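Fold and geometry: a report
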Amino acid sequence: MKPFQYLRPSKLKAAIEMVSGDPQARYIAGGTNLIDLMKRGIVAPEKLVDINHLPLKKIEYKTGVLRIGALALNSEVAAHETVLQKHPLLAQALDSGASGQLRNMATVGGNILQKTRCTYFYDTALPCNKREPESGCSALEGINRLHAIFGTETENPAKTCIAVHPSDMCVALAALDADVLLSGPGGERRIKIADLHRLPGANPELDTNLERGELITAVEIRDNAFARNSHYLKVRDRASYAFAIVSVAAALDIDNGQIRSARLAMGGVAHKPWRLIAAEKSLEGQPVTESSFRKAAEVAMVGARGFGQNDFKLKLAPNAIVQALLTAAGIE
Ligand SMILES: Cc1cc2nc3c(=O)[nH]c(=O)nc-3n(C[C@H](O)[C@H](O)[C@H](O)COP(=O)(O)OP(=O)(O)OC[C@H]3O[C@@H](n4cnc5c(N)ncnc54)[C@H](O)[C@@H]3O)c2cc1C
Ligand code: SF4
């Protein structure tokens, strides 16, 4: 690993100045992703700005809004009383990720900004447009079983990337329509989680719409009517400690056997957590039946395409949507 300078500011402004003013500087929180990337030579920051001493750990609920500090640990959020009571979908998604030890180190901000797990991104001997722009995409003709089926269109195939965003938590946050709070050299702003990550387009090296030096300070979720009927379904190769092949966050607001509103998002299918707005709309006013769910799954799959080894996701994804909705509705 390349030597680096280590800094530990206790003020937000100082931390932001340290990173925004230096292209070689990076924030570090739990380090569970960044240190792996550094050990493998995928990134080599000259300066690590440890943000663990910033006051960003609180989880608090005020006037209908749950605010989760960016440094709250994944395990703390999953076990928090208000999260369990108001947004159990988020707790379920978090509990399905990684291992107990990792969840005790991983932070909310780091989870949102973790890098893809595409094997080729981690293998510096092989071409990868995300790691090295315009070098090629080894996954296109290679091992792409875990890769994207949505949002892969590109005008320039030489710049393509079919990697997926690996976070479970972000899928639940997308379904819960969470806001992400940012602080940067230009001040503070908030962004919908659905707008934070980006599709690869012509710049697969960019994962997000964050500006240089912007720091995630918190995530906010407004009260909703989904707590009673929600479910996070994660399909994976083994029961724990495995990334999603496909995952679904499903939430229903049910009134007298009819769906008043629905939220659906998927993981393991796109370069970003994939919100299924058209499928959500198709469920509104429909009876709570398997047939309504199957129709929504059909709507959800419009535009999906496989790349060979991951063609099975074209069947698995709609089945997972139906199953997640059935479980959320309390039918199966
Ligand atoms: C073996 C293994 C299995 C895993 N399985 C899963 C899984 O099944 N599901 C899942 O969702 N995840 C899984 N993970 C990923 C894990 O959840 C992430 O590594 C973790 O959430 C990252 O959080 P961190 O605080 O350690 O981030 P770090 O490694 O410290 O940082 C990650 C990135 O975020 C940036 N960053 C961190 N905090 C901030 C902030 N507040 N503002 C701006 N930038 C910031 C850093 O600069 C870095 O680029 C797994 C990880 C491992 C190693
Ligand atoms: S899918 Fe993306 S991350 Fe994977 S090899 Fe292709 S360009 Fe790299």
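Residues numbered from 1 in each chain as written. Chains lettered and ligands numbered in written order. Predicted model: local features only at pLDDT ≥ 70, side-chain atom pairs only at ≥ 80, totals over all residues. Heavy atoms only, no water.

An unreviewed UniProt entry lists the protein under the name Aldehyde oxidoreductase FAD-binding subunit PaoB, with Dyadobacter linearis given as the organism.

**Quick word on helix 11 (residues 290-300)**
For helix 11, the full list of buried residues reads S292, F293, A296, A297 and A300. Projected down its long axis, helix 11 carries its buried residues within an arc of 140°, all on one side. Facing away from the buried side of helix 11 by over 90 degrees, the exposed positions are K295 and E298. (Buried < 20%, exposed > 50% of the residue type's maximum accessible area, 1.4 Å probe, protein only. Helix = DSSP H or I, 4+ residues; strand = E, 2+ residues; numbered from the N terminus. Arc of directions from axis to C-beta.)

**Brief notes about the nonpolar core**
By size, the foremost hydrophobic cluster in this structure holds 38 residues, and its most contacted members are I68, V77, L90 and I112. No other element matches helix 8 (residues 169-175), which puts seven residues into this core. Once you skip the residues sitting within four places of it in the chain, V77 turns out to touch I59, I68, A72, V83, L90, L94 and V108. One finds V246, A279, A297 and A324 within the second-largest nonpolar core, a separate group that totals 32 residues. (Core = buried A, V, L, I, M, F, W, Y, C linked by side-chain atoms within 4.5 Å. Contact = heavy atoms within 4.5 Å.)

**Re helix 12 (residues 313-329)**
End to end, helix 12 covers 24 Å across 17 residues, agreeing with the expected 24 Å (1.5 Å per residue, within 8%). All buried positions along helix 12 are accounted for by K313, A317, P318, A320, I321, V322, A324, L325, L326, A328 and A329. Elements in contact with the buried residues of helix 12: strand 9 (230-235), strand 10 (246-255), strand 11 (258-267), helix 10 (277-283) and helix 11. (Expected span 1.5 Å × (residues − 1).)

**Thoughts on the site of ligand 2**
Near ligand 2, the surroundings consist of 14 residues, among which C118, C128, C137, C161 and I162 are the closest. A class-by-class count of the residues in the shell around ligand 2 yields nine nonpolar, four polar and one charged. (Near = heavy atom within 4 Å. Nonpolar A, V, L, I, M, F, W, Y, C, P; charged D, E, K, R; others polar.)

**Regarding the sheet that holds strand 3 (residues 47-50)**
Sheet strands pair by backbone hydrogen bonding; their relative direction is either parallel or antiparallel. Ordered by their spatial adjacency, three strands build an open sheet running 1-3-2, and the pairing between neighbours is parallel. The sheet is open, and its two edges are formed by strand 1 (5-7) and strand 2 (25-28), each paired on a single side. Here the average twist between neighbouring strands, direction ignored, is 25°. As defined by bridge partners, strand 1 adjoins strand 3 across three bridges and the pair is classed as parallel. Bridge pairing in strand 3 links Q5 to K47. The strands that helix 1 (residues 12-20) touches are strand 1, strand 2 and strand 3; relative to strand 2, the one it contacts most, it runs at about 140°. (Pairing = 2+ DSSP bridges. Axes fitted to C-alpha atoms, helices over the stretch in contact; angles between N-to-C directions.)

**A short note on the packing of helix 11 against helix 12**
The packing of two helices is summarised by the inter-axis angle and the distance between the axes. Axis separation between helix 11 and helix 12 bottoms out at 9 Å; the angle between their running directions is 140°. Put simply, helix 11 runs oblique to helix 12. Note that helix 11 runs across helix 12; the crossing there is right-handed. Where helix 11 approaches helix 12, its residues E290, F293, R294, A297 and A300 are matched on the opposing element by P318, N319, I321, V322, L325, L326 and A329. Here the contact of helix 11 with helix 12 is built from residues that sort into nine nonpolar, one polar and two charged. (Parallel < 35°, antiparallel > 145°, perpendicular 65-115°, else oblique. Left-handed = near helix turned anticlockwise from the far one by under 90°.)

**Re the UniProt feature "domain: FAD-binding PCMH-type" (unreviewed entry) in the protein**
The sites that carry the UniProt feature "domain: FAD-binding PCMH-type" (unreviewed entry) are, in the present numbering, residues 1-226. The straight-line gap between the two end C-alpha atoms of residues 1-226 is 46 Å; of that span, 24% is helix and 18% is strand. (UniProt positions renumbered as here; feature names shortened; annotations may be inferred.)

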